[in-house]
Amino acid sequence: MPTMPRVVTDQRAKFNNDELFRGLSRDSEVRFTGHRDRPHQERQMRFQQDCRDGHAEIAFVTSGTNLELLFAPADWPMEGNQAPEQRGYADFTEAGKVRIVSHFIMDGVCTIWRGYIEIETLNGIGKLDFDEDRAEVENVMLQQERERHRERLRVVEERQQQFHESQERLPELDAQSDTLHFHRKSKPETPPSD
C-alpha cells in the first residue's frame, strides 16, 4: 500500500514562497510554552530538564506558531562521525542560555529550527532554515516511493488485463465445454470387461 509522501515535490520553492515559512525564517522572538500551569521557577527547571531529555515546546510570539522541538538527548552517544548539528541538540555552554537545533518536516518541507532561549525569562530568539541535506534524502525517498507505486500500478493493470481477457474468452470456453460434454454423453457406454 502506498504511503503518504512526507515531503512536497519542490521543497525549496515552497520554503521560499510560502508566507508562513517566509515569516518563520527571520529571527523572531520565541517563548518556551511547556508547563504553563506551573510557577515560573519550576518552569525554568522543567525547561532545562526537557532540553536534557531531547524536547522543548516553543512558540513564535509574532505568529503564534507552536512547535514541539525534538533533538538528541544530552546523554545520547554520537553515531560514527555524525556532527551534533546533524542530529539536533541543546547546548548549555553559554551562561544563562540554551542553544537549540532541531530538524523536522513542517508542511512537507525539511527544516531546521535554530535559536536560543534564556533560562531566566524563558524567552529567546529563533528561526527556521531550509534543511538542504535532509531535503535531498527525503526527495530520494519520495522518488523511490513513486517508483514502487508505479510498479504496483503496472502489476494491477496487468492482472486486470488478464482478468478481462479471461472474461472475454469465457463464453468461448463454455461453448467448448458444452460441446465436449455433449460428445461424452452421446457416446455409448461400453460395459466394463471382465
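Basis of the calculations
- Residues numbered from 1 in each chain as written.
- Predicted model: local features only at pLDDT ≥ 70, side-chain atom pairs only at ≥ 80, totals over all residues.
- Heavy atoms only, no water.
- Core = buried A, V, L, I, M, F, W, Y, C linked by side-chain atoms within 4.5 Å.
- Buried < 20%, exposed > 50% of the residue type's maximum accessible area, 1.4 Å probe, protein only.
- Contact = heavy atoms within 4.5 Å.
- Pairing = 2+ DSSP bridges.
- Helix = DSSP H or I, 4+ residues; strand = E, 2+ residues; numbered from the N terminus.
- Expected span 1.5 Å × (residues − 1).
- Polar contact = N/O pair within 3.5 Å; in protein donor to acceptor, adjacent residues only side chain to side chain.

### Considerations on the nonpolar core
- Judged by nonpolar contacts, the single largest core of 29 residues is most densely connected at Phe47, Ile100 and Trp113.
- Residues contacting Phe47, with those up to four places away along its chain left out, are Phe32, Ala56, Val98, Ile117, Ile119 and Leu122.

### Section: the pairing of strand β2 (residues 55–60)
- In this sheet, β2 lies alongside strand β1 (residues 28–32) in antiparallel orientation, the contact comprising 3 bridges. Of the residues in β2, the one forming a bridge with Arg31 is Ala59.
- Both β2 and strand β3 (residues 66–70) contribute to a ladder of 5 bridges, which runs antiparallel. Directly across from Ala56, in β3, lies its bridge partner Leu69.
- Between the end of β2 and the start of β3, which pair antiparallel, lie 5 residues, with Gly64 showing a positive phi angle near 80°.

### Comments concerning helix α3 (residues 40–53)
- Between its terminal C-alpha atoms α3 stretches 20 Å, which fits the 20 Å expected from 14 residues at 1.5 Å a residue.
- For α3, every residue scored as buried is listed here: Glu42, Arg43, Gln44, Phe47, Gln48, Asp50 and Cys51.
- Buried residues along α3 sit in contact with β1, β2, β4 (89–91), β5 (97–106) and β6 (109–118).
- Of the residues one or two after α3, Gly54 is the one with positive phi, at around 100°.

### Description of the side chain of Gln11
- Counting through the fold element by element, Gln11 comes out in helix α1 (residues 11–17).
- Looking at Gln11, its side chain comes within polar contact range of the main-chain nitrogen of Cys110, at 2.8 Å.
- The contacts of Gln11, once residues within four sequence positions are left out, are Gly108, Val109, Cys110, Phe130, Ala135, Glu138 and Asn139.

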